[in-house]
Amino acid sequence: MRRSTLVLAAVVAIAGGAYADSELVIAIRYLQTEGTSHSHLYLYREEGKLLRQLTNDNSGQDVAPIFDPSGETIVFTREKPHKVIEYWIIKPRGEGLKKLDAAPSWYVEAKTSPYFTNLEPETESSPEPGASPESSESPNESPTPTPSYKSPDGAFELVLREDPNDEVDQVDMPGHGAHYILRDLKSGTDTPFADLEGFEGAFGILHEKQNSERHFLFDGKLRLAFFDLHLNSSDGTTVFALDLGRKRFVRLSPNWATPFPLPGESAFVTFTENRYVPIPGSKKTANCSYIERWDDKLNRIRYAREKSAALCCGMSIYRPGVTPAVITLRRTAD
């Protein structure tokens with residue numbers, strides 16, 4: 001068993017589960033008050049335990065770490081001044097740090113794993129849900145039918161109806177979506193979003209970037225849909241998880257959060273953005289980003305030091321015995 005050298009101040013203990021042996025490598029740039037802050041690699045257990053800091057070189061920014069398909073090594077990019085790019089390899093135990101002559105082909109070809117977004121596909125090949133060909137071609141025809149989305153198990157339907165007499169329903173702002181319906185198809189009951197626990201507002205339903213027809217996250221015990229909502233000019237847009245089974249909304253961030261499914265697990269991770277985070281030891285603030293994990297009860301773990309101002313510059317998860325074995329977020333240092 002690997003020996004941990006550093007431990008988070010608060011560790012959430014979780015017994016068993018498909019992720020028991022899963023590990024995350026994250027490029028984290030902890031922001032400091034003076035001088036240049038540097039991105040280094042940190043290795044975590046999926047349940048939140050920090051195992052070790054893998055790199056500490058300050059000649060550049062260590063970013064975009066990715067586990068190889070076997071989980072035995074991690075390749076990352078070191079971005080140095082004057083646009084010098086280097087590729088390095090290291091083992092999860094912190095051994096075997098070595099500069100490579102070139103990046104392995106699997107590293108170059110690796111892409112960010114599927115995630116949920118509010119961005120529309122670059123090329124739309126089909127009309128919006130519920131729209132007929134006639135309504136998409138002619139604005140003078142009858143209004144577009146109310147969009148609705150049925151869950152993969154056929155147990156729920158989301159009906160995104162709006163009230164034309166409600167001014168809030170005409171703008172993406174808090175309170176929008178109060179007339180949306182969570183329909184329980186087994187019991188035949190309709191619940192307005194406004195009556196759900198945690199409702200602040202809901203605007204658009206998110207879809208998977210790589211599959212615009214996927215609007216639900218059903219893995220293990222998860223029964224979720226995600227909605228965005230514009231808050232204001234300072235806080236921007238946020239994301240809520242709609243927990244269908246518990247009929248509640250959970251806000252995933254004060255600002256934006258991008259959900260990444262973990263297929264085969266009752267959990268997902270988010271690339272979470274926080275604005276105006278205080279930089280320790282100063283009166284300055286910064287826009288920060290973190291990796292966080294959410295379980296089936298929507299309890300959260302953050303992979304970072306407590307009360308830190310930090311930037312996530314890439315992440316990779318190795319999950320032995322689970323498909324896919326590697327989950328990746330590719331980002332570069334600012």
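A few points on the structure.

Rules behind the numbers
Residues numbered from 1 in each chain as written. Predicted model: local features only at pLDDT ≥ 70, side-chain atom pairs only at ≥ 80, totals over all residues. Heavy atoms only, no water. Helix = DSSP H or I, 4+ residues; strand = E, 2+ residues; numbered from the N terminus. Buried < 20%, exposed > 50% of the residue type's maximum accessible area, 1.4 Å probe, protein only. 1 Å grid on protein atoms, 1.4 Å probe; cavity = no way out; pocket = protein on both sides within 12 Å on 5 of 7 lines; lining within 4 Å. Points joined across faces, edges and corners; volume = space filled by probe spheres on them. Nonpolar A, V, L, I, M, F, W, Y, C, P; charged D, E, K, R; others polar. Disulfide = S-S within 2.5 Å. Pairing = 2+ DSSP bridges. Axes fitted to C-alpha atoms, helices over the stretch in contact; angles between N-to-C directions.

So, on to the overall build of the chain. For the chain, the count of helices and strands is 2 helices and 23 strands. Counting over 334 residues, the chain shows a buried share of 49%.

So, about the environment of aspartate 21. Looking at the secondary structure, you find aspartate 21 in the segment before strand S1 (23-30). Distance from aspartate 21 to glutamate 47, taken between C-alpha atoms, is 9.2 Å for residues 26 residues apart in sequence.

Turning our attention to empty space enclosed by the protein. Summed over the entire model, instances satisfying the criterion amount to 1 cavity of 30 Å³ or more. Taken together, Ile26, Ile28, Ser289, Tyr290, Ile291, Tyr303, Ala304, Ala310, Leu311 and Cys312 make up the full set of residues lining the largest cavity. Mapped by element, the contributors of at least two residues to the lining of the largest cavity are S1, strand S20 (285-295) and strand S22 (310-318). Taken together, the residues of the lining of the largest cavity sort by class into 9 nonpolar, 1 polar and no charged.

Within the fold, lysine 150 resides in strand S9 (residues 148-150). Exposure remark for lysine 150: the relative accessible area of 53% places this residue in the exposed category. In this structure the C-alpha to C-alpha distance between lysine 150 and phenylalanine 216, which are 66 residues apart in sequence, comes to 8.9 Å.

This part is about the state of the cysteines. All told, the structure shown has 0 disulfides when counted by the stated rule. This cysteine, cysteine 312, is not joined by any disulfide, and cysteine 313 carries the nearest cysteine sulfur, 6.6 Å off. The class for cysteine 313 is buried, based on a relative accessible area of 2%.

With antiparallel pairing, 4 strands are arranged side by side in an open sheet as S18-S19-S20-S21. Looking at strand neighbours, the two that pair on one side only are strand S18 (257-261) and strand S21 (300-302), the edges of this open sheet. Recorded for the sheet is a direction-independent mean angle of 30 degrees between the axes of neighbouring strands. Taken together, the 5 bridges between S18 and strand S19 (residues 267-278) define a ladder with antiparallel strand orientation. Its bridge partner being in S19, proline 261 is matched across the sheet by phenylalanine 268.

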